[in-house]
Amino acid sequence: SIVGTPSLNEWDPTPLLTYAFIMFYAIMLGDAGYAIGTLLAMKFVLPKIRLFVDNPYSEGFRKLQKVIYVGSAAGIAVGLLTKNVFGDLLGEHLPWSPVINLGDIEAMIKLSLVIGLIWVIIAHTIALAKALKFKDLWGAIFELSMLVMLIFGPFYVLRHFLRYRIILPESLVDYIVYGGVAMLIAAKIVQLKAFGALLWIFDITGAMGDVFSFLRIAGIASGSTLLISVFNEIIRNSFEALSGSGILVSTIVAIPLALLLHLFILITAPIGPFVHSLRLCMYEISSKFLDRKSTRLNSSH
């Protein structure tokens, strides 16, 4: 377990973090071809490479295989929905329109921020429930103030800084946000005394940083998609350049080139999504409600 073993009277966050990991991993991988390749490699290739796997029958490796199997299955679904099967090499032949273009950086940035905002809100909601369970009044007030800022803060920013029209009454948003700031400052002063009057601002910037950290989803998904598009264009150009020498010659050159380029991406593609999905789960989500110290103690029993 990546978060230790909870005690009998503690809530087990593993299912929530598992769903989060699979979502992030699938979107960042975002290609049915590479997802299938990753699944097959995890099943048949990696267990035979002793440099990476000492014991392919160990419980830890078996659990890793299950995570990759599920993540790859989700990646296949995302790839089909976005029409990415080795990029547009095979994806362009699918008879439907993509739900979203992973190569559209602006759209992916917006999607990543929405995903980040939702998951950070979920994390602070769990932290609020935990504070209420343990009757931590000021901890609950702090978490409530963070939820107010996360839910209504984006409307405040859109209206006052970006000059967008918002669906909520402007004065209502202002009063709620100012009230949330007041609750946050009061909670920090009670928790940290005089230092709280100065350090509350870092909780707001920290929450913003948590949400912006999810931009890595857009970066990896769009970056990989654009790189695959470049490689596919190289393959097509090579085929067309040699077409004058005959279809046989151009095919003999294009197929090995395609295998080489896509094998390179297949080897490297799963690493980024795996590492960054794990980071988002550990730092941007679970750090809001998991006590690392108590988790280590629980896992030792």
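In this text, all values refer to a predicted model and were calculated from it rather than measured experimentally.

Engineer: Please explain the overall build of the protein chain as it appears in this structure.
Structural biologist: The number of helices and strands found in the protein chain is 12 helices and 0 strands. Reading the helices (α) and strands (β) of the protein chain from amino to carboxyl end gives α-α-α-α-α-α-α-α-α-α-α-α. Counting over 301 residues, the protein chain shows a buried share of 39%. When contacts within the protein chain are restricted to residue pairs at least 6 apart in sequence, those whose partners lie at least 24 apart make up 70%. Here the protein chain has roughly 17,000 Å² of accessible surface; of this, 72% comes from carbon and sulfur atoms. Of the side-chain charges in the protein chain, 23 are positive and 19 negative, and the distance between the mean point of each set is 7 Å.

Engineer: Help me out: how do you make sense of the packing of aromatic side chains in this one?
Structural biologist: Each aromatic ring pair is characterised by the separation of its centres together with the angle its planes make. In the structure shown here, the tally under the stated rule is 8 aromatic pairs. Between the aromatic rings of F21 and Y25, the centroid separation amounts to 5.9 Å while the plane-to-plane angle is 15°, which identifies the pairing as stacked. With F21 and Y25 both in helix α1 (residues 14–29) and 4 residues apart, the pair spans about one turn of that helix. For the residue pair F21 and Y25, the accessibility class agrees, reading buried in each case.

Engineer: So what exactly am I meant to see when it comes to the environment of P95 here?
Structural biologist: Within the secondary structure, P95 sits in the loop between α4 (88–91) and α5 (105–133). Overall, P95 belongs to the exposed group, its relative accessible area being 74%. As for P95 and K83, which are separated by 12 residues in sequence, their C-alpha atoms are 9.1 Å apart.

Engineer: In this structure, what is going on with a nonpolar patch on the surface? I would like to understand it.
Structural biologist: Taken together, the side chains of I36, L40, F44, V45, I49, L51 and F52 present a nonpolar region at the surface, about 710 Å² in accessible area. Assignment of secondary structure puts L51 in the loop between α2 (32–45) and α3 (59–81).

Engineer: Any chance you could explain the side chain of T38 here in plain terms?
Structural biologist: Along the chain, T38 turns up in helix α2. Polar side-chain contacts of T38 include one of 2.7 Å to the backbone oxygen of Y34. Apart from residues no more than four positions distant in its own chain, T38 is found in contact with Y25, I68, S72, L266 and P270.

Engineer: Teacher, can you tell me more about the pattern of salt bridges here?
Structural biologist: Once the charged atoms of two side chains with opposite charge are near each other, the side chains can pair. Within the structure shown, the criterion is met by 9 salt bridges. The partner of R159 in a salt bridge is E170, and the shortest N-O contact between them spans 3.1 Å. Residue R159 is found in helix α6 (residues 137–160), and its partner E170 is found in helix α7 (residues 170–192); the two are separated by 11 residues along the sequence. The salt bridge partner of R279 is E284, with a shortest N-O separation of 2.7 Å. Each member of the salt-bridge network shares a partner with another, and the members are D88, E92, E233 and R236.

Engineer: Explain the environment of A41 to me, please; I cannot follow it from the model alone.
Structural biologist: One can find A41 in helix α2. Classification of A41 as partly exposed rests on a relative accessible area of 28%. Residues A41 and I267, 226 residues apart in the sequence, show an inter-C-alpha distance of 9.2 Å. Those residues in contact with A41 that sit more than four places away from it in its chain are L46 and P47.

Engineer: Quick question: what am I supposed to make of helix α9 (residues 215–241) here?
Structural biologist: Every α-helix winds through 3.6 residues per turn, so residues three or four apart in the chain are directed the same way. Counted at 1.5 Å a residue, the expected span for α9 with its 27 residues is 39 Å, and the 38 Å between its end C-alpha atoms agrees. Residues I217, A218, I220, A221, S222, T225, I228, F231, N232, I235 and S238 constitute the buried set of α9. On its buried face, α9 is in contact with α1, α2, α4, α5, α10 (247–268) and α11 (271–285).

Calculation notes
Residues numbered from 1 in each chain as written. Predicted model: local features only at pLDDT ≥ 70, side-chain atom pairs only at ≥ 80, totals over all residues. Heavy atoms only, no water. Helix = DSSP H or I, 4+ residues; strand = E, 2+ residues; numbered from the N terminus. Buried < 20%, exposed > 50% of the residue type's maximum accessible area, 1.4 Å probe, protein only. Contact = heavy atoms within 4.5 Å. Areas by Shrake-Rupley, 256 points an atom, 1.4 Å probe, with all protein chains shown as cover. Lys, Arg positive; Asp, Glu negative; His and termini not counted. Charge placed at Lys NZ, Arg CZ, Asp CG, Glu CD. Phe/Tyr/Trp six-rings, centres within 6.5 Å; stacked < 30°, edge-to-face > 60°. Patch = residues over 30% accessible without salt bridge, like charges linked within 9 Å, V, L, I, M, F, W, Y side chains within 5 Å. Salt bridge = Lys/Arg side-chain N within 4 Å of Asp/Glu carboxyl O. Polar contact = N/O pair within 3.5 Å; in protein donor to acceptor, adjacent residues only side chain to side chain. Expected span 1.5 Å × (residues − 1).

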